[in-house]
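Coordinate analysis (summary)
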Amino acid sequence: MQTDRPDPVILVDADACPVKDEVYRVAERYGVAVTIVANSFIRIPDDPLIDRVIVSDGFDAADDWIAERAGDHVLVITADILLAERCLAAGAAVLGPKGVPFTTASIGGAVATRAIMADLRAGGEQIGGPAPFTRADRSRFLQAMDAAVRRLKKPR
C-alpha cells in the first residue's frame, strides 16, 4: 500500500549522546535515515543512510536545527528536555538516551522539574547530576528505539 507519508527519519542531538552506536544499529536494521547533529565534528560510519550536520557553536544551534525539522515522521534522540518539548509540539516522537520516551503527557512534569533544579543550582544548592549511564539504560534504549522506529514505519 502506497502512502504519501515521508520516509521516517532519525535526528540525533549528538554532542553528548551516549547511544549513537545503538542508533546506527537500529537504523540499519530498518533502513531508516539518520542525521547526527553536532556543534563539532563527530565521526560517523561510512553508510549512505547516515549523515552528519555540523552547526555553528551558537547557543542552541543544534537544538534549533533539529526542532525546525521535527514532524510526525521524525524520531528525535535527545536528553535535552526543552528540545524534547519543542519536537513533541511539532509532532515528532522523542526518546531520551536512557530509553525513556518523552510524551505530551510527561513533558510538562519534566520541564517543571528542570526549572526547579535550575533554580536550586542558581541559589547555590549542591545537587548531584544525573545518575551514571548503565548497561540497563543502554538495553532499555535499544528496546524503546526499536519500538519507536517500528511505529514510525507503520503505514497509517
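The following refers to the structure shown. (Residues numbered from 1 in each chain as written. Predicted model: local features only at pLDDT ≥ 70, side-chain atom pairs only at ≥ 80, totals over all residues. Heavy atoms only, no water.)

For the protein chain, the count of helices and strands is five helices and six strands. Along the protein chain, from the amino end to the carboxyl end, the secondary structure elements read β-α-β-β-α-β-α-β-β-α-α. Put simply, the protein chain has 156 residues, and 40% of those count as buried. In the protein chain, once contacts between residues fewer than 6 apart in sequence are set aside, the share between residues at least 24 apart is 50%. (Helix = DSSP H or I, 4+ residues; strand = E, 2+ residues; numbered from the N terminus. Buried < 20%, exposed > 50% of the residue type's maximum accessible area, 1.4 Å probe, protein only. Contact = heavy atoms within 4.5 Å.)

This next bit is on the pattern of salt bridges. Under the definition given, this model contains seven salt bridges. The partner of Glu-68 in a salt bridge is Arg-69, with the nearest N and O atoms 3.5 Å apart. Between Asp-137 and Arg-140 there is a salt bridge, with its nearest N and O atoms 2.3 Å apart. Of the two residues, Asp-137 and Arg-140 both sit in helix 5 (residues 135-153), three residues apart, roughly one turn of that helix. For Arg-140, a relative accessible area of 35% gives the class partly exposed. Through salt bridges with shared partners, a single network forms among Arg-29, Asp-146 and Arg-150. (Salt bridge = Lys/Arg side-chain N within 4 Å of Asp/Glu carboxyl O.)

Along strand 4 (residues 74-77), one buried face is formed by Val-74 and Val-76 and the opposite face, lined by Leu-75 and Ile-77, is buried too. Here strand 1 (residues 9-13) pairs with strand 4 via four bridges, running parallel. The partner of Ile-10 across the bridge, within strand 4, is Leu-75. Across three bridges, strand 4 lies against strand 5 (residues 93-95) in parallel orientation. Bridge pairing in strand 5 places Ile-77 opposite Leu-95. With helix 3 (residues 81-89) bridging strand 4 and the parallel strand 5, this β-α-β connection has right-handed handedness. (Pairing = 2+ DSSP bridges. Right-handed = clockwise from strand over helix to strand, strands pointing away.)

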